[in-house]
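# Structural characterization, general
Chain by chain, the residues run as shown.
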Amino acid sequence: MDSKEPQKHGPLDSSSSPKLVLYSYWQSSCSWRVRFALNLKGFEKLNPLHYVPVLIDDDVVVSDSYAVILYLEEKYPNVPLLPVDPQLRAINLQAASIVSSSIQPLHMLSLLKYVEEKMGSEESLAWAQSNIENGFFALEKLLKDYAGKYATGNRIYMADVFLAPQIAVATTRFKIDMSKFPVLNRIHEACSTLPEFQASLPDRQPDAVPAIILY
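Residues numbered from 1 in each chain as written. Predicted model: local features only at pLDDT ≥ 70, side-chain atom pairs only at ≥ 80, totals over all residues. Heavy atoms only, no water.

### Examining the overall build of the protein
Looking only at helices and strands, the protein has eight helices and three strands in total. Counting every position in the protein, which comprises 215 residues, the buried fraction comes to 47%. Of the contacts made within the protein by residues no fewer than 6 positions apart, 74% connect residues no fewer than 24 positions apart. Carbon and sulfur atoms make up 55% of the accessible area of the protein, which totals about 10,600 Å². (Helix = DSSP H or I, 4+ residues; strand = E, 2+ residues; numbered from the N terminus. Buried < 20%, exposed > 50% of the residue type's maximum accessible area, 1.4 Å probe, protein only. Contact = heavy atoms within 4.5 Å. Areas by Shrake-Rupley, 256 points an atom, 1.4 Å probe, with all protein chains shown as cover.)

Okay, structure coming up:
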């Protein structure tokens, strides 16, 4: 199963597609990973508004990107984002958790502004870079024995959905040198060529502000 190349998926049939509404913010990496997951599952007609990701599916409201993606996986399994193999499934969940719990919260703009006010802009950047690199070293170690084209083989799964936006943010906004992380860099390069990823890019969202593209 994991040796197969990822398949391209067109939009769902309009007569059977649920009406999903995604409340998001174009610069949020949390929103980005949800957009990426939705695109992979074939949902193309969204209504992106403001704020961090909140998904509305009929009368169900789900917030937090980790919970949203797990909800999508359970409710819409047509394009699985978790492998059947228990070990690979656990690795995907662990990688996603590292990104969402141990990396992204430590470089949120509100936190960086606080650090800058207390210690200066150079310390704020150093804080972000240090925490991102610590997380990336952990991910590199976790995935080195499992990665193929993507994080856990040659099919794209949940780990990739969390990793690709995070790496883009790390390199663009925080100038992280990805030569230190060859496995992660290879995964990001593979994801970057996917039309589903390209469609989820922050600067392609309706609420994007072109003059401040930071990712």
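### Quick notes on the pattern of salt bridges
Across all of its chains, the model carries four salt bridges by this definition. The closest approach of N and O atoms between Glu 73 and Lys 41, which form a salt bridge, is 3.1 Å. With a gap of 32 residues between them, Glu 73 in helix α2 (residues 65-75) and Lys 41 in the loop between α1 (29-40) and β2 (54-57) connect regions that are remote in the sequence. Across this residue pair, the class does not change: Glu 73 and Lys 41 are buried. Linking Asp 145 and Lys 144 is a salt bridge whose minimum nitrogen-to-oxygen distance equals 3.4 Å. Residue Asp 145 is classed as exposed on the basis of its relative accessible area, which comes to 61%. (Salt bridge = Lys/Arg side-chain N within 4 Å of Asp/Glu carboxyl O.)

### Things to note about the nonpolar core
Phe 36, Phe 136, Leu 139, Leu 143, Leu 163 and Leu 184 are the most contacted members of the largest nonpolar core, which has 56 residues in total. Only β1 (20-23), α1, α2, α3 (86-103), α5 (121-143), α6 (158-173) and α7 (182-192) provide two or more residues apiece to this core. Excluding residues within four positions of it along the chain, Phe 36 makes contact with Ile 156, Asp 160, Val 161, Ala 164, Cys 191, Leu 194, Glu 196, Phe 197 and Ser 200. (Core = buried A, V, L, I, M, F, W, Y, C linked by side-chain atoms within 4.5 Å.)

### Some thoughts on unusual backbone geometry
Its identity as a non-glycine residue notwithstanding, Asp 58 has a phi of 60°, on the positive side. Here Asp 58 lies in the loop between β2 and β3 (60-63). Of note, the phi angle at Asp 64 is positive, near 80°, even though the residue is not glycine. The residue Asp 64 is located in the loop between β3 and α2 in this model. On the accessibility criterion, Asp 64 (47% relative accessible area) is partly exposed.

### Describing the pairing of β2
Regular strands place side chains that alternate from one sheet face to the opposite one. Side chains Leu 55 and Asp 57 project from β2 onto a buried face, and the interleaved Val 54 and Ile 56 project onto a face without burial. For β2 and β3, the ladder comprises four bridges, and the chain directions are antiparallel. Across the sheet, residue Val 54 finds its bridge partner in β3, namely Ser 63. What sits between the antiparallel neighbours β2 and β3 is a turn of two residues, in which Asp 58 has the positive phi angle 60°. (Pairing = 2+ DSSP bridges.)

### Digging into α6
Side chains of residues three or four places apart in an α-helix project in the same direction, reflecting 3.6 residues per turn. The terminal C-alpha atoms of α6 lie 23 Å apart, and with 16 residues this matches the ideal 22 Å at 1.5 Å per residue to within 8%. The buried count for α6 comes to 14 of 16 residues, which makes it a mostly enclosed element. Count one or two residues on from α6 and you reach Lys 175, which has phi positive near 55°. (Expected span 1.5 Å × (residues − 1).)

### Quick word on the packing of α5 against α7
Relative to each other, α5 and α7 sit at 85°, their axes nearing to 8 Å. In terms of their interaxial angle, α5 and α7 are classed as roughly perpendicular. Across the interface between the two elements, Phe 136, Leu 139, Glu 140 and Leu 143 of α5 pack against Pro 182, Val 183, Leu 184 and Ile 187 of α7. (Axes fitted to C-alpha atoms, helices over the stretch in contact; angles between N-to-C directions. Parallel < 35°, antiparallel > 145°, perpendicular 65-115°, else oblique.)

### A few points about the environment of Ile 176
Looking at where Ile 176 falls in the secondary structure, it is placed in the loop between α6 and α7. Residue Ile 176 is classed as buried on the basis of its relative accessible area, which comes to 6%. Measuring from C-alpha to C-alpha, the distance between Ile 176 and Ile 132 comes to 8.2 Å, with 44 residues separating the pair along the chain. Once you skip the residues sitting within four places of it in the chain, Ile 176 turns out to touch Gln 129, Ile 132, Glu 133, Phe 136, Ala 170, Thr 171 and Phe 181.

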